[in-house]
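# Architecture at a glance
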Amino acid sequence: MKKSNYAGIFIMFVLWYIFSIKVNNDILIPYPNQVFLTMYKQLGSDYFYLAIFGTIFRLLKGIFYSLLLATFIALFTTRYKTIDNIFKPIELFLKSIPTVSYIIISIIWLGKNNSADLVVFLVVFPILYQNITYGLTLHNEEQKEVLLIYPEKYSVVLRKILLPELLPQLAIGFRSSIALGFKVCVMAELLAYSSTGIGRYLYLARLNLDMTSLIAWSVWVIFIASFFDDFFVRLIKFIERIN
């Protein structure tokens, strides 16, 4: 993280502290020290780790199945134009549906504990599919000309040319999917009132007008999302170096 980022965080905390003094109402804006104390107490509780694990498990499960399907379909759409034309309206349809519609439909179909998995799957699928199709498509004109003169089996082209191009695209896709999927997963847990997960405790905090816990959980969400984002930024740089 750059020094300018730390400066921005410091400014946000200063503004938060000033507003909490001005409002002087814990239900509206709790003091930062109250929030951090709550976060410290949460670290000593079992439910905290179960909630974090539950949300991350749902997130990774949804992304995993989305990756499998996106890769399977992309292998055909990048090779056969007819299949690509057939799938384009479906891709547009998935992109156009509002996230809240996915959540409501998933709750009706799968119930409160499994809806978040499906929501993550449906939301991140277009992102991963787009990145995978880009990675599996030849963009270098010289490579295209060489393959026209000296044709190779698709398996050879895939292994020697396309896979090295696909890896950075996958890392970029994962970075976007984790960031969006994590927020969507928490929102689905909240609206469905899942038996575990961060969304459940956000719901309880809202129900009890416990703004301190609400902000504490929100800060944890920011920390976890930032951790994954930083991990994939470093991974993308590493892949670029070895390529």
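This text follows the structure it describes.
This structure is a prediction, so every number in the text was calculated from the model and none was measured. (Residues numbered from 1 in each chain as written. Predicted model: local features only at pLDDT ≥ 70, side-chain atom pairs only at ≥ 80, totals over all residues. Heavy atoms only, no water.)

### Comments concerning the side chain of Arg58
Note the threshold: Strands are runs of DSSP state E lasting at least two residues, helices are runs of H or I lasting at least four, and both sets are numbered from the N terminus onward. Polar contact is defined as a pair of N or O atoms within 3.5 Å, subject to the rule that within protein one atom must be able to donate a hydrogen and the other to accept it, and that residues adjacent in sequence are counted only when both atoms are side-chain atoms. The criterion used for residue contact is that any of the two residues' heavy atoms lie within 4.5 Å.
Structurally, the position occupied by Arg58 is in helix α3 (residues 46–77). Polar contacts involving the side chain of Arg58 include one to the main-chain carbonyl oxygen of Asn113, which spans 3.5 Å. Separated by 3.1 Å, the side chain of Arg58 and the backbone oxygen of Thr196 make a polar contact. Residue contacts for Arg58: discarding those within four places in its chain leaves Asn113, Ala116, Asp117, Cys185, Glu189, Ser194, Thr196 and Gly197.

### A short note on the nonpolar core
Selection rule: The definition of a nonpolar core used throughout is a set of buried Ala, Val, Leu, Ile, Met, Phe, Trp, Tyr and Cys residues joined through side-chain atoms within 4.5 Å. Relative accessibility thresholds used throughout: buried, under 20% of the residue-type maximum; exposed, over 50%; partly exposed, between the two (1.4 Å probe, protein chains only).
Formed by 49 residues in total, the largest nonpolar core has its most connected members in Ile63, Leu128, Ile132, Ile198 and Trp217. Every element with two or more residues in this core is listed here: α2 (32–42), α3, α4 (81–96), α5 (99–110), α6 (115–135), α8 (154–192), α9 (198–207) and α10 (211–242). When residues in this core are grouped by element, the largest group, 11 residues, is from α6. Setting aside anything within four residues of it in sequence, one finds Ile63 in contact with Val120, Val124, Leu128, Phe174, Ser177 and Ile178.

### Structural notes on a nonpolar patch on the surface
Put simply, the test is: Like-charged residues within 9 Å of one another, or nonpolar side chains (Val, Leu, Ile, Met, Phe, Trp, Tyr) within 5 Å, are grouped into patches, provided each residue has over 30% relative accessible area and no salt bridge. Under the convention used here, a 1.4 Å probe and the Shrake-Rupley method define accessible areas, while residue burial counts only the protein chains that appear. Each reported salt bridge corresponds to a side-chain nitrogen of Lys or Arg within 4 Å of a carboxyl oxygen of Asp or Glu.
Nonpolar side chains collect at one region of the surface, where Val100, Ile104, Ile105, Ile108, Trp109, Leu110, Met187 and Leu191 lie side by side and expose about 800 Å² of accessible area between them. Of all elements in the fold, only α5 and α8 reach the threshold of two or more residues within the nonpolar patch. Here the nonpolar patch gets 6 residues from one element, more than from any other, and that element is α5. With respect to the helices and strands, Val100 occurs in helix α5. Val100 gets classed as partly exposed once you look at its relative accessible area, which sits at 43%.

### Concerning the environment of Thr99
Mapping Thr99 onto the fold places it in helix α5. Thr99 sits in the partly exposed class, given a relative accessible area of 26%. On a C-alpha basis, the gap between Thr99 and Val184 in space is 7.7 Å, while along the polypeptide they are 85 residues apart. Among all residues touching Thr99, those that are not within four sequence positions of it are Val123, Val184 and Met187.

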